[in-house]
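In case you want the letters, here they are:
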Amino acid sequence: MTYSAADRPDTQIDFRQEVARGLRSQLVARQEPAKVERPRYMFRQRYVPIEGGRLLLRLTAFPQLEVDPATMEFEAVNWGVRLPCSKAEELPKMLARRFLDLFSKADAEMLSTEEEACWLKVLDQVDFTAFCIDRAAPHYLEGTLLQLEPICRVEWHDGVRQKLDGSVACTLQSLYPGDRFGAYVKLGRDNVVRFIERLVLLPSV
Amino acid sequence: MNLVWMDAETLKQPRRHYIRPPIAERVATVWGNIDEEHFLTNFESWREQVQRAYPHYEPHKEWLIMVKERDGVPLYDTLQPELRITHRFARKSDDGRREFGMRCPQDSLAFHLFTRPDVRHGYATLFGEIQAWLPQWMRHFSVQQVTKVNLYYANLIDPETAKPFVDNGQLELQKVLRSFLALPGAHEALIPPYDCTATVLLSENPKSVLTFRIHGDTETRLQPTVRVDFGVEIFPEKAGLDADGALRLFDYAHERILERFELVFTEEAKQFFSSE
């Protein structure tokens, strides 16, 4: 049994083209053609990396992309980001840039009216509280180690007592219960300790 | 049920060494569970490591629309179309051709080894790459277990890879293949579209499945081209696999593909593929 490509019938006829060639009469439009809707695509990514992934911008919905068939560009709806379809891989970077640009201007109270409207729309699509917590610098705190095993517990300078998770507790391994210490502490949502660094021992009171 | 469809006589024969197999691409893929947040947090540092060995970053973009068929009528799926971007890296030869590719979607790691008649890579080269990168990938993204492996070989039968079997612009497939040619009725030749796919369960535990696909390459217009693809997919038991376990499964999958290669191609074709 042989297999031939040279003599095979052309199975990929463009029927629309054939019809167009055949019809020579003039076509008259009776009404203005309906505006063709721009197709919308979803970018199925919930996080936008900022600072090389060390900080993530959490989105509350998948970004919607509106494609303009005339220019083959797409726009991230409510973000004010426009890119050629051929450069789609730059979308996460451009979303991060747009967010940082608007955030920085909002912080410096330099938003134009148009940017302010866009910033409000962007804020509707991101978890801004999480972003602020994630990017906040660690605070210097003082406290006393109450116990290390089986559960690590500390009492902070304001009298608040807190349990620390395993990986955070490891930082305090060199301390004994009763030791006073100072450290830079990164807090997360609900003041949960994420990490402790630059530990110093303080003289007991 | 264990191995089926095996020709006992063929399997007893010592394995032949092929100097110029018609293979165009070998793909090895592993899957693991990585959540999106963890993947994106660690991707940039992974990319930095990967690009030392695979310097060309060429992301694969897909604008996907979903179409389903009901009673022969294609309908748009109600799910929204989506843009999918897959991170893809390549190592190229001096003349700019892709030799090795690595794809890093969120839940898997895939290696593509491209072969041409003048460059004789083999399974050992592909295996070496998986062996080097799989433990790093698992460590970097905290993948505890491999949940699936797949090995896929695409063979290309065309005037370049099967020269003696081309006569007057036609591939004499009956001299190359032993399977998927016998069709009932009288006819002069096979012409596009030509597509035969079969899937067999190789073993139940671990569940391993082999897929054959023999099909005319409709992308190629200038010359008759037939692709002969073999893929073996293995699902480990519930507990999953560590890196060593996954590597052993690739060896198993490779053996299964070689067995089928021996059975699907004719003796005449195999002699040609093993001669200088």
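Residues numbered from 1 in each chain as written. Chains lettered and ligands numbered in written order. Predicted model: local features only at pLDDT ≥ 70, side-chain atom pairs only at ≥ 80, totals over all residues.

Examining the sheet that holds strand β12 (residues 193-202) of chain A
All names here are of chain A. To keep things clear, this is the line we draw: A pair of strands is treated as paired once DSSP finds two or more bridges between them. The helix count covers DSSP runs of H or I at least four residues long, the strand count covers runs of E at least two residues long, and both are numbered beginning at the N terminus. Angles run from 0 to 180 degrees between N-to-C directions of axes, and those axes are lines fitted to C-alpha atoms, restricted for helices to the stretch in contact.
Across the sheet, five strands lie side by side as β10-β9-β8-β11-β12; this open sheet has antiparallel pairing. At either end of the open sheet lies a strand with only one pairing partner, and these are β10 (161-164) and β12. Averaged over all neighbouring strand pairs, the angle between strand axes comes to 40°, with direction disregarded. Pairing of strand β8 (residues 139-147) with strand β11 (residues 180-187), which is carried by six bridges, proceeds in the antiparallel orientation. The partner of Leu141 across the bridge, within β11, is Ala183.

Regarding the confidence of the model for chain A
To keep it simple, the criterion reads: By definition, pLDDT measures how confident the predictor is in each residue, and it falls between 0 and 100. We call two residues in contact if the C-beta atoms placed from their backbones are at most 7 Å apart.
On average, residues of chain A carry a pLDDT of 86, and 85% of them reach 70 or more. In this model residues 6-24 of chain A is a low-confidence stretch, pLDDT under 50, and it forms five contacts with partners more than four residues away in sequence or in other chains.

Considerations on the pairing of strand β9 (residues 146-157) of chain B
Residue and element names in this part refer to chain B. The condition is simple: Any residue surrounded by 20 or more other C-beta atoms within 10 Å of its C-beta is treated as buried, while 12 or fewer makes it exposed and the intermediate range makes it partly exposed; C-beta atoms here are placed from the backbone.
Among the 12 residues that make up β9, nine are buried, leaving the element largely enclosed by the rest of the structure. Summarising the sheet, strand β1 (residues 23-32) and β9 pair through nine bridges and their orientation is antiparallel. From the neighbouring strand, Ala28 faces β9, where its bridge partner is Leu151.

Section: the packing of helix α3 (residues 123-140) of chain B against helix α4 (residues 243-264) of chain B
Residues and elements named next belong to chain B. This is how the line gets drawn: Our angle categories are set so that under 35 degrees counts as roughly parallel, over 145 as roughly antiparallel, 65 to 115 as roughly perpendicular, and the remainder as oblique. Each crossing gets its hand from how the near helix is turned against the far one by less than a right angle, where anticlockwise is left-handed and clockwise is right-handed. Here the term charged refers only to Asp, Glu, Lys and Arg, the term nonpolar to Ala, Val, Leu, Ile, Met, Phe, Trp, Tyr, Cys and Pro, and the term polar to all other amino acids, Gly among them.
Where α3 contacts α4, the axes come no closer than 10 Å and their chain directions differ by 155°. By the criterion of interaxial angle, the relationship of α3 to α4 is roughly antiparallel. Remark: the crossing between α3 and α4 carries right-handed chirality. Counted together, Tyr123, Phe127, Ile130, Gln131, Leu134, Pro135 and Met138 of α3 and Ala243, Ala246, Leu247, Phe250 and His254 of α4 form the full contact between these two elements. Split into classes, the residues belonging to the contact of α3 with α4 amount to 10 nonpolar, two polar and no charged.

Brief notes about the sheet that holds strand β10 (residues 166-167) of chain B
The four strands lie next to each other as β10(B)-β11(B)-β1(A)-β12(B), forming an open sheet whose pairing is mixed. The two strands at the open ends of the sheet, each matched to only one other strand, are β10 and β12 (189-190) of chain B.

Considerations on the nonpolar core
Heads up, the condition is: For the purposes of this analysis, a nonpolar core is taken to be any set of buried Ala, Val, Leu, Ile, Met, Phe, Trp, Tyr and Cys residues that are connected through C-beta atoms within 7 Å.
One finds Leu134(B), Val149(B), Ala246(B) and Phe250(B) to be the most contacted residues of the largest nonpolar core, which totals 56 residues. Among the elements that make up this core, the one with the highest residue count is α4(B) (eight residues). Setting aside residues no more than four positions away along its own chain, Leu134(B) makes contact with Val30(B), Ala243(B), Ala246(B) and Leu247(B). Phe43(A), Val48(A), Leu56(A) and Leu95(A) belong to the second largest nonpolar core, which has 20 residues in total.

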